[in-house]
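Below are the chains, spelled out letter by letter.
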Amino acid sequence: MEQWLTKQEVKKALKIDDGAFKKWNEHGKIITVKSRKYYYDEQELNQWLKQNRGPISQLKVGNIYNNQVIQDIFKCSGQGGMRRSHLTNALVLFSDHSKNQPIYEDKSYIDEHGNQIMHYTGMGQQGDQDLKSTQNRTLLESNDLSIKVYLFETFDSGQHTFRGEVKLCATPYTEQQNGRKVYIFPLSFNDNEYVIPETFYKDKEIQQENQAYKLGSEELYQRAKKAKKVGQRKAYTTVYERNNYVAAHVKERADGYCDLCGEPAPFKDKNGKPYLECHHVIWLAKQGEDSIDNAVALDPTCHRKMHVLGLENDVELLQTKIKQYKDKGM
Ligand SMILES: [Zn+2]
Ligand SMILES: [Zn+2]
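Residues numbered from 1 in each chain as written. Chains lettered and ligands numbered in written order. Predicted model: local features only at pLDDT ≥ 70, side-chain atom pairs only at ≥ 80, totals over all residues.

Labelled according to an unreviewed UniProt entry, the chain appears under the name HNH nuclease domain-containing protein, originating from Staphylococcus arlettae.

Okay, structure coming up:
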């Protein structure tokens, strides 16, 4: 039996907005009959929607996808931080932490249950944001409508980490960001198991700090002055089980002097031992060996220098130093 409904009735029954109505109508899934009445075959419509959404279920949380793949799978536009897909009735969000983006931060917090909540900044690059603009409104109404919301996080330009389905989990609120009003949408993750690798975040921090200097001292001061609340997220990190004998031996071998610059340790630790740090010339992260033939003792400054600059000259110096110890049977 065909049931003839008004547009409003169809929208209400299917929990869709004007955009989806128009698109589904164009695709012949909602059929117009005389005097602006419509009907649809629910089973056929659901089948069609399921088919459209099929490829989305193939995506894996934590995997990285490029823009073209995302565009193909979601049947959405290739641009924008919030992309509406009418064919899959989805809203695809991007949280871009990569260096190409101005500092425009989506912060994360951990709630009392230990789950990550992303405080996602709405759309509108200039002036005050409002909830009337299409995509902000779509996200606002996503729970009432049958729209599925997905999130990608970009830590490296063009590489989008899929975070799966998200939900608006609290009322959006406003915040002043760089002299204008923005809307913040708290989002919870359907998949709470996934955590990003710590390195993603470390790289992001470095990139954003570099970006911050470009603002100029005055603007930087204005922004820094306002910062208060610290964001949080869980990340996983690889912990190396270093051999304590190696660390202790190389410090003893150095006899209180840095293996790189030859200066005495800057201070003594609580036990009265000169403070030096064990460093692996070829990093453990790069499959370096945890052995006395690959480890040295450095003062904290030289240690940082090795990690920040990693100059080839310094690496050679340290390798020569190790060879000298070896020749002396140390
Ligand atoms: Zn040193
Ligand atoms: Zn080190």
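Right, picking up where we left off after that structure.
Student: Looking at this model, I keep getting lost on the overall build of the chain. Mind explaining?
Tutor: The number of helices and strands found in the chain is 10 helices and 15 strands. Compactness check: the chain gives a C-alpha radius of gyration of 28 Å against a globular reference of 20 Å for 330 residues, more than 25% above the reference. Referenced to the eigenvectors of the C-alpha coordinate spread, the extents of the chain come out at roughly 100 × 45 × 35 Å. The 330 residues of the chain split such that 23% are buried. Looking at the chain alone, contacts between residues at least 24 apart form 58% of all its contacts between residues at least 6 apart. (Helix = DSSP H or I, 4+ residues; strand = E, 2+ residues; numbered from the N terminus. Rg over C-alpha atoms; globule rule 2.2 N^0.38 Å. Buried ≥ 20, exposed ≤ 12 C-beta atoms within 10 Å, placed from the backbone. Contact = placed C-beta atoms within 7 Å.)

Student: What's the story with the domain arrangement of the chain in this structure? I'm lost.
Tutor: Size of an interface: often given as the accessible area lost when the parts come together. If you check the domain split of the chain, you get domain 1 (7–40), domain 2 (56–236) and domain 3 (244–327). Each of domain 1 and domain 2 has a C-alpha centre, and these two points are 31 Å apart. A per-element tally of the side of domain 1 that touches domain 2 places helix α2 (residues 18–26) first, with 3 residues. Considered class by class, the residues forming the side of domain 1 that touches domain 2 number 3 nonpolar, 1 polar and 3 charged. (Domains from an automatic or database assignment. Nonpolar A, V, L, I, M, F, W, Y, C, P; charged D, E, K, R; others polar.)

Student: Quick question: what am I supposed to make of the environment of Asn25 here?
Tutor: Topologically, Asn25 is positioned in helix α2. For Asn25, a count of 16 C-beta atoms within 10 Å corresponds to the partly exposed category.

Student: Which parts of the structure should I look at to understand helix α10 (residues 312–327)?
Tutor: With 16 residues, α10 should reach 22 Å at 1.5 Å per residue; the first-to-last C-alpha distance of 23 Å fits that figure. Backbone geometry just downstream of α10 places Gly329 in the positive-phi region, at approximately 70 degrees. (Expected span 1.5 Å × (residues − 1).)

Student: What am I meant to see in the UniProt feature "domain: HNH nuclease" (unreviewed entry) in the chain here?
Tutor: UniProt's entry tags residues 245–304 with the feature "domain: HNH nuclease" (unreviewed entry), counted in the numbering of this structure. Secondary structure across residues 245–304 divides into 25% helix and 13% strand, with the first and last C-alpha atoms of the span separated by 22 Å. (UniProt positions renumbered as here; feature names shortened; annotations may be inferred.)

Student: How should the pairing of strand β4 (residues 82–85) be read in this particular structure?
Tutor: Put simply, side chains in a regular strand alternate between the two faces of the sheet. The alternating pattern of β4 places Met82 and Arg84 on one face and Arg83 and Ser85 on the opposite face, and all of these are buried. Pairing of β4 with strand β5 (residues 90–96), which is carried by 4 bridges, proceeds in the antiparallel orientation. Within the sheet, the bridge partner assigned to Met82 lies in β5 and is Leu93. Following β4, the chain reverses through 4 residues before pairing antiparallel with β5; Asn89 in that reversal takes a positive phi of roughly 50 degrees. (Pairing = 2+ DSSP bridges.)

Student: Is there a simple way to think about the nonpolar core in this case?
Tutor: Taken as a class, soluble globular proteins show a tendency for nonpolar side chains to be buried jointly. Grouped together as the largest cluster of nonpolar side chains are 24 residues, with contacts concentrated most on Leu91, Val92, Leu93, Val149, Tyr150 and Leu187. Broken down by secondary-structure element, the contributors of at least two residues to this core are α4 (67–74), β5, β7 (116–121), β8 (148–156), β9 (159–168) and β11 (180–189). Broken down by element, this core gets its largest block of residues, 5 residues, from β5. In contact with Leu187, other than residues within four places in its own chain, are Ile117, Met118, Tyr120, Leu151, Val166, Lys167, Leu168 and Cys169. In this structure, Val250, Cys258, Leu276 and Met306 belong to the second largest nonpolar core, which totals 16 residues. (Core = buried A, V, L, I, M, F, W, Y, C linked by C-beta atoms within 7 Å.)

Student: Even after reading the chapter, I still don't get unusual backbone geometry, so can you show me in this structure?
Tutor: Trans is the prevailing form of peptide bonds, just as negative phi is the prevailing case for residues other than glycine. One non-glycine residue, Lys75, lies in positive phi territory at about 55 degrees. Here Lys75 shows up in the loop between α4 and β4. Using a count of 18 C-beta atoms within 10 Å as the deciding quantity, one classes Lys75 as partly exposed. Located in the positive-phi region is Asn89, a residue other than glycine, with phi close to 50 degrees.

Student: Can you walk me through the environment of Gly28 in this structure?
Tutor: Along the polypeptide, Gly28 turns up in the loop between α2 and β1 (31–33). Exposure remark for Gly28: the 11 C-beta atoms within 10 Å place this residue in the exposed category. The spatial distance from the C-alpha of Gly28 to the C-alpha of Tyr40 is 8.9 Å, given a sequence separation of 12 residues.

Student: Help me out: how do you make sense of the pairing of strand β15 (residues 295–298) in this one?
Tutor: Burial of the side chains of β15 extends over both faces: Ala295 and Ala297 are buried on one face and Val296 and Leu298 on the other. Pairing of strand β14 (residues 277–280) with β15, which is carried by 4 bridges, proceeds in the antiparallel orientation. Residue pairing in the sheet places Cys278 in a bridge with Ala297 of β15.

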